[in-house]
Amino acid sequence: CGRRAHCPHFGLLVGQQEGLESLGLVGLLVKHSPDVGTALERLVRHLAVHVRGACARLTLTERLAILTWELYAPGLDAVELVGDGAIAVYYNILHELCGPDWRPAEVHLARRTPADTGPYRRFFRVPLRFDAEEFALLFPRRWLAHRLPPVDDALRRLLQDQIDLLEAQNPGDFPEQVRSMLRTALATGRSSAGQIAALFGMHSRTLTRRLNASGTNFQQLLDETRFEISR
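Residues numbered from 1 in each chain as written. Predicted model: local features only at pLDDT ≥ 70, side-chain atom pairs only at ≥ 80, totals over all residues. Heavy atoms only, no water.

Caption draft 1: Looking closely at the packing of aromatic side chains. Within the structure shown, the criterion is met by seven aromatic pairs. Ring centres 5.0 Å apart and planes at 50° place the aromatic pair tyrosine 91 and phenylalanine 123 in the tilted group. Residue tyrosine 91 is located in helix α4 (residues 79-98), and its partner phenylalanine 123 is located in helix α5 (residues 118-124); the two are separated by 32 residues in the primary sequence. Neither tyrosine 91 nor phenylalanine 123 differs from the other in exposure class; each is buried. On the numbers, 5.4 Å between centres and 85° between planes, the contact of tyrosine 91 with phenylalanine 124 is edge-to-face. (Phe/Tyr/Trp six-rings, centres within 6.5 Å; stacked < 30°, edge-to-face > 60°. Helix = DSSP H or I, 4+ residues; strand = E, 2+ residues; numbered from the N terminus. Buried < 20%, exposed > 50% of the residue type's maximum accessible area, 1.4 Å probe, protein only.)

Put into structure tokens, the structure is as follows:
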């Protein structure tokens, strides 16, 4: 669509129209959280129920919270546009959770600097970093403690039960789960076969056997993920 419309910020236009409501049951569970920190932890944990081929990561520094969008599926087209849209959705979600006073400290965009940065500056209204290593929102960590409206415990339990059921029914193929883990693990320097196997609660030999049964191997997935990050 971006190519046909000759619109390099098409992804941004799509993403800025979406928010929690676009995430279905996951969005409702996020909304029915006691505070912003819990809401984002649930977003990161359950995003795969709604989105395939990408994952979210929340990283904390002394002063900042960094919410990152990471694509891990190999060979995807229009990666820059998809990332633009995802960060715009993140932005809308945090505005919905925190209220009108919330502003990120900075927005990172893992895309070439466009010829016209105006659409990005008008939407985000904060410092932008193009050609970044990842798509991310950086905002003051204190917002994680921001309280949300009182939670309906019965509704929250119902939503959690439904999401748990969906995850059990649709666990995703094992190589896809490993790709998802690798995308985050490479960013933290903990991407050996043994370290990834430990995240699944298994021995590295079991990891190797299950990947071989799926027609691939750990080194192939590692190389694919490194290539996609570089690309």
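Caption draft 2: Highlighting helix α3 (residues 36-46). For α3, the set of buried residues is Val36, Gly37, Ala39, Leu40, Arg42, Leu43 and His46. Buried residues in α3 make contact with α2 (24-31), β1 (54-60), β2 (64-71), α4, β5 (135-140) and α6 (153-169). The opening residue of α3 is aspartate 35, an N-cap whose side-chain oxygen sits 3.2 Å from the backbone nitrogen of glycine 37. (Contact = heavy atoms within 4.5 Å. Polar contact = N/O pair within 3.5 Å; in protein donor to acceptor, adjacent residues only side chain to side chain.)

Caption draft 3: The arrangement of the pattern of salt bridges in detail. One pass over the structure, following the stated rule, counts eleven salt bridges. Across the pair aspartate 77 and arginine 3 runs a salt bridge, and its minimum N-O distance is 3.2 Å. With aspartate 77 in the loop between β2 and α4 and arginine 3 in the segment before α1 (10-15), the pair connects residues that are 74 residues apart, well separated along the chain. Classification of aspartate 77 as exposed rests on a relative accessible area of 53%. (Salt bridge = Lys/Arg side-chain N within 4 Å of Asp/Glu carboxyl O.)

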